[in-house]
Amino acid sequence: MSLYDDAVLVLKGYEGQEELRQAYLDHLTAHPDGLWKACHAGHVTASALVIDPERGRVLLTLHKKLRMWLQMGGHCEPGDATLAEAALREATEESGIPGLTLLPGGPVRLDRHPIPAPCHWHFDVQYAALAPPGAAHAISDESLDLRWFAYAEVPEVADDSVVQLLAGARARL
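The following paragraphs examine the structure supplied in this document. (Residues numbered from 1 in each chain as written. Predicted model: local features only at pLDDT ≥ 70, side-chain atom pairs only at ≥ 80, totals over all residues. Heavy atoms only, no water.)

**Considerations on the pairing of strand S6 (residues 109–114)**
Right, so step 1: As paired elements, S6 and strand S7 (residues 121–130) share 6 bridges and run antiparallel to each other. Counterpart to His113 in the pairing with S7 is His122.
Right, so step 2: In textbook terms, the turn of a hairpin is the stretch between consecutive antiparallel strands, and for S6 and S7 this stretch comprises 6 residues. (Pairing = 2+ DSSP bridges. Helix = DSSP H or I, 4+ residues; strand = E, 2+ residues; numbered from the N terminus.)

**Section: the side chain of Ser161**
Right, so step 1: Structurally, Ser161 can be placed in helix H5 (residues 160–172).
Right, so step 2: Accessibility expressed as a relative area gives 12% for Ser161, which makes it buried.
Right, so step 3: Ser161 has contacts with Arg109, Asp111 and Gln126, leaving out every residue within four places of it along the chain. (Buried < 20%, exposed > 50% of the residue type's maximum accessible area, 1.4 Å probe, protein only. Contact = heavy atoms within 4.5 Å.)

**Observations concerning the packing of aromatic side chains**
Right, so step 1: If you walk through the whole model with that rule in mind, you get 2 aromatic pairs.
Right, so step 2: Ring centres 5.1 Å apart and planes at 90 degrees place the aromatic pair Tyr24 and Phe123 in the edge-to-face group. Here Tyr24, found in helix H2 (residues 18–30), pairs with Phe123, found in strand S7; they are 99 residues apart in sequence, far enough to count as distant. Residues Tyr24 and Phe123 agree in their burial class; the two are buried.
Right, so step 3: Here Trp69 and Phe149 contribute two aromatic rings whose centre-to-centre distance is 5.0 Å and whose plane-to-plane angle is 75 degrees, an arrangement assigned as edge-to-face. Placement of the pair is Trp69 in strand S3 (residues 69–70) and Phe149 in strand S8 (residues 143–150), with a sequence separation of 80 residues.
Right, so step 4: Among the residues examined, Phe149 registers a relative accessible area of 5% and is labelled buried.
Right, so step 5: Above the face of the Trp148 ring, Arg57 is positioned so that its terminal group lies 4.0 Å from the ring centre. (Phe/Tyr/Trp six-rings, centres within 6.5 Å; stacked < 30°, edge-to-face > 60°. Lys NZ or Arg CZ within 6 Å of the ring centre and 35° of its normal.)

Interpretation note: all reported values are geometric properties and have no functional meaning in isolation.
What follows is the structure in structure tokens.
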């Protein structure tokens, strides 16, 4: 199965956000290259919010380009077999934490947001990743900073999409 086929199956099986979910599927139908950064109409990305449920906190990255506190994530790569694998790879690379595991149940939510030209949209498929006990993070080249935030601190530092992602992940815990 190709990454494209996996993305379509994941999106067809995703429950909730029906209108947005259909926009993702329509995008992929209109753009067979819609998973790749080269698709200027927009492309699917995969991200994961790293959670430490034992301590009631999340790890956010201060994104180098956007200068915003966000979950880990980014573009799909040719070696990614699934969207879940892409999200886990991105979370591991950007957090420096080995042994992350995705929260069961597939994506937590979808978030489509505009990006600067030449592309127009990121169709982000958002997962949650559980940090192993005692996880130590390391800043990657893509981050200005990495920091643990208590659940209650997230609305003070992050935008609404991260707040909603956290709420969805906590509901699954």
